[in-house]
Amino acid sequence: WLKKPFPLARPRAVRRATRRVGSEVHSPRATAMAAVAVPPMKRARANGPVVWWARNDLRLEDNPVLRTAIGEAFTDARKCAHVFVFDPRFLDKSNYGRVTDPNFEKSIKTRRPIDWGNRKCSALRARFWLQCVRALGRGLAAQGCQLIVCHGRPEEVLAALPAGCTVVCQQEPVSPEQTDVEDAVERALAQRGGVLRREWGAMSLYQRGDLPFRIQDQMPGSYSGLGAIMGWKDIWTSTERHEWAPPVRECVPAPAAYPEAPAGLEALPGVMPKEMLEDERAALKRLGYSDSEIAEAMAQEIPEGGENAVRAHFAKWIEEKGDSGDTAPMAASWDLPVSETATTDGHDPLQWANLSRPDGWTRVSHYMALGCISAREMYNSTQGRKNHPGVVHRLMWREWHRLNAIHWGRRLYWLQGPGRIERPWTKDPAIVEAWKFGKTGIPYIDACMRELRTTGWLAYKGRKTAGHFLVFDLGVDWRIGAFHYEEVLLDYDVAMNYGNWVTVARVDKPRSWGESEEGAAADHSDLESKLGAEQQNDPTGAYIRRWVPELKDVDDAFIHKPWEMAAEDMQRCKCVLGKDYPVALVQGLKLITENGGDGHPAEAAAKPAAAA
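Residues numbered from 1 in each chain as written. Predicted model: local features only at pLDDT ≥ 70, side-chain atom pairs only at ≥ 80, totals over all residues. Heavy atoms only, no water.

(A) Region of interest: the overall build of the chain. The helix and strand tally for the chain stands at 25 helices and 9 strands. The buried share among the 612 residues of the chain stands at 54%. Sequence-distant contacts in the chain: of pairs separated by 6 or more residues, those separated by 24 or more amount to 76%. On the chain, roughly 28,100 Å² of surface is accessible, and the fraction owed to carbon and sulfur atoms is 53%. (Helix = DSSP H or I, 4+ residues; strand = E, 2+ residues; numbered from the N terminus. Buried < 20%, exposed > 50% of the residue type's maximum accessible area, 1.4 Å probe, protein only. Contact = heavy atoms within 4.5 Å. Areas by Shrake-Rupley, 256 points an atom, 1.4 Å probe, with all protein chains shown as cover.)

(B) Representation of the packing of helix α19 (residues 460-473) against helix α22 (residues 525-537) in the model. One way to put it is that α19 packs onto α22 with a least axis distance of 10 Å and a crossing angle of 155°. Considered as vectors, α19 and α22 are oriented roughly antiparallel to each other. When the axes of α19 and α22 are compared, the crossing they make is left-handed. Across the interface between the two elements, K461, T465, H468, F469 and D473 of α19 pack against D526, L527, K530 and E534 of α22. Grouping the constituent residues of the contact of α19 with α22 by class yields 2 nonpolar, 2 polar and 5 charged. (Axes fitted to C-alpha atoms, helices over the stretch in contact; angles between N-to-C directions. Parallel < 35°, antiparallel > 145°, perpendicular 65-115°, else oblique. Left-handed = near helix turned anticlockwise from the far one by under 90°. Nonpolar A, V, L, I, M, F, W, Y, C, P; charged D, E, K, R; others polar.)

(C) Local environment of the sheet that holds strand β8 (residues 166-170). With parallel pairing, the 5 strands of this open sheet are ordered in space as β7-β4-β3-β8-β9. The open sheet terminates on both sides in strands that have one partner only, identified here as β7 (147-151) and β9 (195-199). Looking at each pair of strands side by side, their axes are set apart by 25° on average, direction ignored. Where β8 lies against β9, 5 bridges are found, and the strand directions are parallel. Across the sheet, T166 pairs through a bridge with V195, a residue of β9. Against the sheet, helix α6 (residues 176-190) contacts β3 (50-54), β8 and β9, and its axis sits at roughly 150° relative to β9. (Pairing = 2+ DSSP bridges.)

(D) Representation of the pairing of strand β4 (residues 80-86). In terms of burial, β4 is a largely internal element, 7 of the 7 residues being buried. Across the two faces of β4 the burial is the same, with C80, H82, F84 and F86 and A81, V83 and V85 all buried. In the sheet, β3 pairs with β4 via 5 bridges, with the strands oriented parallel. Residue V50 lies in a different strand from β4, and its bridge partner there is C80.

(E) Quick look at the nonpolar core. Grouped together as the largest cluster of nonpolar side chains are 137 residues, with contacts concentrated most on L58, F86, W478 and Y498. The leading source of residues in this core is helix α4 (residues 123-141), at 10 residues. Counting residues in hydrophobic clusters, the runner-up holds 21 residues, among them W53, V83, V181 and L189. (Core = buried A, V, L, I, M, F, W, Y, C linked by side-chain atoms within 4.5 Å.)

(F) Molecular detail of the confidence of the model for the chain. Averaged over every residue, the pLDDT of the chain is 88; the share at 70 or more is 84%. Note that residues 1-36 has pLDDT below 50 and, in this model, 38 contacts with residues that lie over four places away or in other chains. Considering only residues more than four positions removed or in separate chains, one finds that residues 596-612, a stretch of pLDDT under 50, has 23 contacts. (pLDDT = per-residue confidence, 0-100.)

(G) Fine view of the environment of K386. Structurally, K386 is set in the loop between α15 (375-381) and α16 (388-408). Excluding residues that lie within four positions of it along the chain, K386 makes contacts with G322, D323, H347 and P349.

(H) Up close: the pattern of salt bridges. Taken as a whole and assessed by the stated rule, the structure comprises 38 salt bridges. Between E319 and R385 there is a salt bridge, and its shortest N-O distance comes to 3.9 Å. Linking E319 in helix α12 (residues 307-321) with R385 in the loop between α15 and α16, this pair joins segments that are 66 residues apart in sequence. The exposed category is assigned to E319, whose relative accessible area is 59%. Classification of R385 as partly exposed rests on a relative accessible area of 27%. (Salt bridge = Lys/Arg side-chain N within 4 Å of Asp/Glu carboxyl O.)

(I) The arrangement of the environment of I445 in detail. Along the polypeptide, I445 turns up in helix α18 (residues 443-455). The sequence separation of I445 and F469 amounts to 24 residues, and the corresponding C-alpha distance is 8.0 Å. Contacts of I445, omitting those with residues within four sequence positions, involve W435, T440, T465, A466 and F469.

(J) Structural view of empty space enclosed by the protein. The final tally for this structure, using the stated rule, is 1 cavity of 30 Å³ or more. The computed volume of the largest cavity comes to approximately 540 Å³. Lining the largest cavity are 27 residues, and of these N56, F90, W129, Q178 and Y492 lie nearest its centre. Residue assignment for the lining of the largest cavity shows that the elements contributing at least two residues are β3, β4, α4 and α6. (1 Å grid on protein atoms, 1.4 Å probe; cavity = no way out; pocket = protein on both sides within 12 Å on 5 of 7 lines; lining within 4 Å. Points joined across faces, edges and corners; volume = space filled by probe spheres on them.)

(K) Spatial organisation of the environment of L470. Locating L470 in the fold gives a position in helix α19. With 25 residues separating them along the chain, L470 and I445 place their C-alpha atoms 9.6 Å apart. Contact partners of L470, with chain neighbours within four places excluded, come to W435, G475, V476, D477, G481 and W501.

(L) Expanded view of the pairing of β3. The element β3 is extensively covered by neighbouring structure, given that 5 of its 5 residues are classed as buried. Of the two faces of β3, both are covered, the one formed by V50, W52 and A54 as well as the one formed by V51 and W53.

(M) Molecular detail of the packing of α18 against α19. Relative orientation of the contacting elements α18 and α19 amounts to 120°, with a least axis distance of 10 Å. Handedness of the crossing formed by α18 with α19: left-handed. Residue-level inspection shows Y444, I445, C448 and M449 of α18 in contact with α19, the latter providing K461, G462, T465, A466 and F469. Within the contact of α18 with α19, the residues separate by chemical class into 6 nonpolar, 2 polar and 1 charged.

(N) Summary view of unusual backbone geometry. Residues other than glycine seldom take positive phi values, yet D62 does so here, at roughly 45°. Here D62 is to be found in the loop between β3 and α3 (64-75). A relative accessible area of 1% means that D62 is categorised as buried. The backbone of A77 sits at a positive phi, close to 50°, despite the residue not being glycine. Looking at where A77 falls in the secondary structure, it is placed in the loop between α3 and β4.

(O) Main features of the packing of aromatic side chains. What the rule picks out here adds up to 18 aromatic pairs. On the basis of an interplanar angle of 75° and a centroid distance of 5.4 Å, the ring pair of F86 and W129 is categorised as edge-to-face. With F86 in strand β4 and W129 in helix α4, this residue pair connects regions lying 43 residues apart in the sequence. On the accessibility criterion, F86 (1% relative accessible area) is buried. Here W129 falls in the buried class, since its relative accessible area comes to 16%. When the centroid spacing of 5.0 Å and the interplanar angle of 65° are considered together, the rings of Y413 and Y498 count as edge-to-face. Of this pair, Y413 sits in the loop between α16 and α17 (429-436) while Y498 sits in helix α21 (residues 494-504), and the two are 85 residues apart along the sequence. No difference in accessibility class separates Y413 from Y498, as the two residues are buried. (Phe/Tyr/Trp six-rings, centres within 6.5 Å; stacked < 30°, edge-to-face > 60°.)

This is the structure:
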């Protein structure tokens with residue numbers, strides 16, 4: 001079944017009630033109705049404006065939702081407005097759980113109480129979000145339109161629209177919380193004769209109607225299975241597709257014309273004046289951040305937000321790296337099949353080694369999370385480039401997590417995960433705090449967590465290693481880690497974040513026979529291997545020294561394992577464990593470095609030939 005898409009079965013009752021006549025299929029009811037003259041259906045023409053409710057599709061190019069809203073307005077000679085709403089529930093501090101269901105009415109009866117939490121969005125990410133919203137506003141202003149930005153619950157803000165409105169939005173089926181918001185908006189609009197029109201949009205690589213399976217009950221059980229059913233011959237190594245493969249659709253252009261805007265919407269609840277939006281400190285204050293949070297966020301340099309910024313960034317990346325090879329072998333590829341795709345000249349079209357480096361590769365994930373650029377624009381714009389397979393592979397992983405989030409629903413957020421795995425977990429506040437602030441006494445982990453907290457960015461390998469450490473070496477509830485990432489990641493994406501966390505925590509599916517379902521590891525061998533690989537990749541500890549200045553004068557021999565320093569070594573480098581740097585939370589670690597590297601052809605080429 002993996003070689004070609006299977007047909008969707010029609011309901012049994014439909015199959016029984018149909019008969020074939022010539023080359024057409026008829027049902028008894030259709031045959032009877034064909035003999036009756038049916039007058040054209042009449043629909044009451046809506047008299048309120050059409051409103052594009054911008055969400056995580058903050059762009060004009062390749063935005064089918066915006067085009068739908070504008071087309072609806074032009075077709076019925078209606079006015080059209082553009083509104084964005086910052087929902088405080090997705091900014092403020094809260095305990096872990098469904099913020100749109102505070103009374104747990106939609107929870108399972110066996111739900112366990114939660115007494116820990118953090119913000120849903122850091123001030124740093126909110127600042128970047130503001131920049132992207134402002135950029136969208138400038139793009140609309142260039143077309144003679146206005147983006148109305150509000151702070152409040154969408155169901156309360158949009159309920160104040162004129163009666164009979166049609167609100168068009170990109171739906172977010174990957175998030176139960178965002179779906180709850182859509183439902184609430186729909187109910188609020190209905191009370192005033194309005195309607196909510198939810199569109200699939202272009203957040204995903206594929207259109208839902210192009211999928212050859214039902215997400216709810218026919219979802220493939222693996223990434224390889226998804227690649228096969230979508231027509232990729234080998235999604236792990238190439239971009240060759242079968243002729244029957246579902247299409248990745250072409251991008252649609254930005255609208256060339258915009259309808260007239262309705263008057264009076266500046267009085268919507270929670271409107272943020274233009275002057276406030278242009279003043280980031282004032283805007284962050286309005287969104288509920290403290291002076292100290294704002295000061296910390298403003299002190300950090302962040303990428304320029306918005307559609308034009310990401311398009312310029314990605315065009316430069318294509319020009320500079322779209323065909324460039326990767327000739328540096330890496331040891332830290334314990335879960336990456338580098339040797340299978342790298343060629344003898346050192347070029348790896350899937351660019352696996354980049355996932356092991358701290359600087360990432362395309363660096364557009366934060367823009368994609370807010371919809372400043374679409375997946376299919378990235379796909380289409382890199383075709384013909386040597387590294388197109390690498391772009392496709394990453395986009396397909398994103399697709400995999402998005403589809404899984406829809407398939408799993410609220411199970412994605414359970415302690416037991418979609419796999420319903422029961423384990424003993426801890427939530428010791430002291431351990432959690434040490435992990436979040438990079439004070440675990442494990443230099444590479446601490447460097448990762450400090451970079452993440454400071455910049456909102458952490459490369460793939462760092463995210464995965466830090467998460468694995470929290471779950472399997474400290475035994476901490478994986479949701480604590482996932483919720484922390486939700487707060488601090490600049491590129492937070494609900495499906496990618498929680499999908500990766502359930503995978504790392506190994507609660508995404510029932511384990512195979514013989515596989516352990518235990519939590520914290522007794523021997524920490526996985527951690528020792530991962531840290532050993534990092535020592536090989538960065539023998540001088542440049543990454544650690546950058547983010548953990550307490551270790552800046554430690555000898556190279558100890559930078560990855562300071563617990564091996566003798567007392568005189570500590571005195572010489574002015575770093576005494578337990579005083580200047582924490583004692584490791586995990587004791588007795590012996591880094592494993594004999595892992596044979598990543599098998600990269602460049603590694604073999606660099607070695608001297610063996611004597612005959």
